[in-house]
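As a plain string of letters, each chain reads:
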Amino acid sequence: MNWYVLYTKPKWEKKVTEQLQAIGIECYCPLVIKERQWSDRKKKVEVPLFNSYVFVHLEDKDRPSVFQSPGAVRYLFWLQKPAIVREDEIATIKKWLNSPDLAEIEVSTYQVGETIQLESGPFVNQQAVVQEVTASHYILVLESMGCVLRMKHR
């Protein structure tokens, strides 16, 4: 069994997770608590760490079963194959999210094209390539996971 990345409709991550778990599919939607500002108040809400992504753990032959959920759109592909996330990467995300002191990822003085190793956060010890540097943030590419991260400067 492998962990696959399922792409969902926007804002459907939690609902897809509930629907898939109800039909017996093991899935994981990492959630973080963020403070949101409304015109009259601030409120802490639980939001997905990865927008429109849910991780599903199943056999390759069972992959079509996730489309029983109307919020499931397609699988994420990497190099013309369904993207597979290693078990240790899922464990790292869970460990980081369960940590009592969530550390913000800090990147400094890196140049475009430079390969770095992340030192904290959900992608600790992952290699990333600096794609863009702006006054407020960095854009990093994690080639092993096929994703792009945007990290703020401190």
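As the structure is a computational prediction, the values presented were derived from the model and not from experiment. Sequence order as written defines residue numbering, which begins from 1 separately in each chain. Since the coordinates come from a predicted model, pLDDT governs what is reported: local features require at least 70, and pairs of side-chain atoms require 80 or more to be given and counted, while whole-chain, interface and lining totals use all residues. Processing note: side-chain calculations cover all non-hydrogen atoms of the structure and skip hydrogens and water entirely.

### A few points about the side chain of His57
Just so we agree on the cut-off: Helix and strand assignments follow DSSP, with helices taken as H or I runs no shorter than four residues and strands as E runs no shorter than two, numbered in order from the N terminus. The buried label applies to any residue whose accessible area, calculated with a 1.4 Å probe on protein chains only, is under 20% of its type's maximum; exposed applies above 50%, and partly exposed to all values in between. Between two residues, a contact is recorded if the distance between any of their heavy atoms is within 4.5 Å.
Position of His57 among the secondary structure elements: in strand E5 (residues 53–58). Overall, the relative accessible area of 14% leaves His57 in the buried class. Look past the residues within four positions of His57 in its chain and what remains in contact with it is Met1, Asn2, Trp3, Glu26 and Glu87.

### Brief notes about helix H2 (residues 87–98)
Quick reminder of the rule: Helix span, as expected, comes to 1.5 Å for every residue beyond the first.
Its 12 residues give H2 an end-to-end C-alpha distance of 17 Å, which sits within 8% of 16 Å, the value for a rise of 1.5 Å per residue. Of the surrounding elements, those touching the buried residues of H2 are strand E1 (2–8), strand E2 (26–28), strand E3 (31–37), E5 and strand E9 (84–85).

### Observations regarding the environment of Val45
With respect to the element layout, Val45 can be found in strand E4 (residues 42–48). Measuring from C-alpha to C-alpha, the distance between Val45 and Arg63 comes to 31 Å, with 18 residues separating the pair along the chain. Once residues lying within four places of it in the same chain are set aside, the contact partners of Val45 are Val32, Ile33, Lys34, Arg36 and Trp38.

### Things to note about the nonpolar core
Where we set the bar: As used here, the term nonpolar core means buried Ala, Val, Leu, Ile, Met, Phe, Trp, Tyr and Cys residues forming a set that is joined through side-chain atoms within 4.5 Å.
One finds Phe55, Leu118, Leu140 and Leu142 to be the most contacted residues of the largest nonpolar core, which totals 26 residues. Looking at this core, the elements that each hand over two or more residues are E1, H2, strand E11 (127–133), strand E12 (137–142) and strand E13 (147–152). Of the residues forming this core, the biggest block, 4 residues, is contributed by H2. If you look at the next biggest cluster of nonpolar residues, it comprises 13 residues, including Cys27, Cys29, Val54 and Val56.

### A look at the packing of aromatic side chains
Using the following cut-off: A pair of aromatic rings is counted whenever rings of Phe, Tyr or Trp (Trp by its six-membered ring) have centres within 6.5 Å, and the orientation is called stacked for planes under 30 degrees apart, edge-to-face for over 60 and tilted otherwise.
Tallying each qualifying case throughout the model produces 5 aromatic pairs. Relative to Phe55, the ring of Tyr28 lies with its centre 6.4 Å away and its plane at 25°, an arrangement referred to as stacked. Within this pair, whereas Tyr28 is found in strand E2, its partner Phe55 is found in strand E5, the two being separated by 27 residues in sequence. Assessed through its relative accessible area of 14%, Tyr28 is described here as buried. For Phe55, a relative accessible area of 3% gives the class buried. With 5.7 Å between their ring centres and 90° between their planes, Phe50 and Phe55 make a pair best called edge-to-face.

### Side note on helix H1 (residues 13–22)
The condition is simple: Taken from the helix axis, the directions to the C-beta atoms give the arc we talk about.
Looking only at H1, the buried set comprises Glu13, Val16, Thr17 and Leu20. In a view along the axis of H1, the buried residues occupy a sector of 100°, so they form one face of it. Among the exposed residues of H1, those pointing more than 90 degrees away from its buried face are Glu18 and Ala22. Positive backbone phi, at 90°, marks Gly24, one or two positions downstream of H1.

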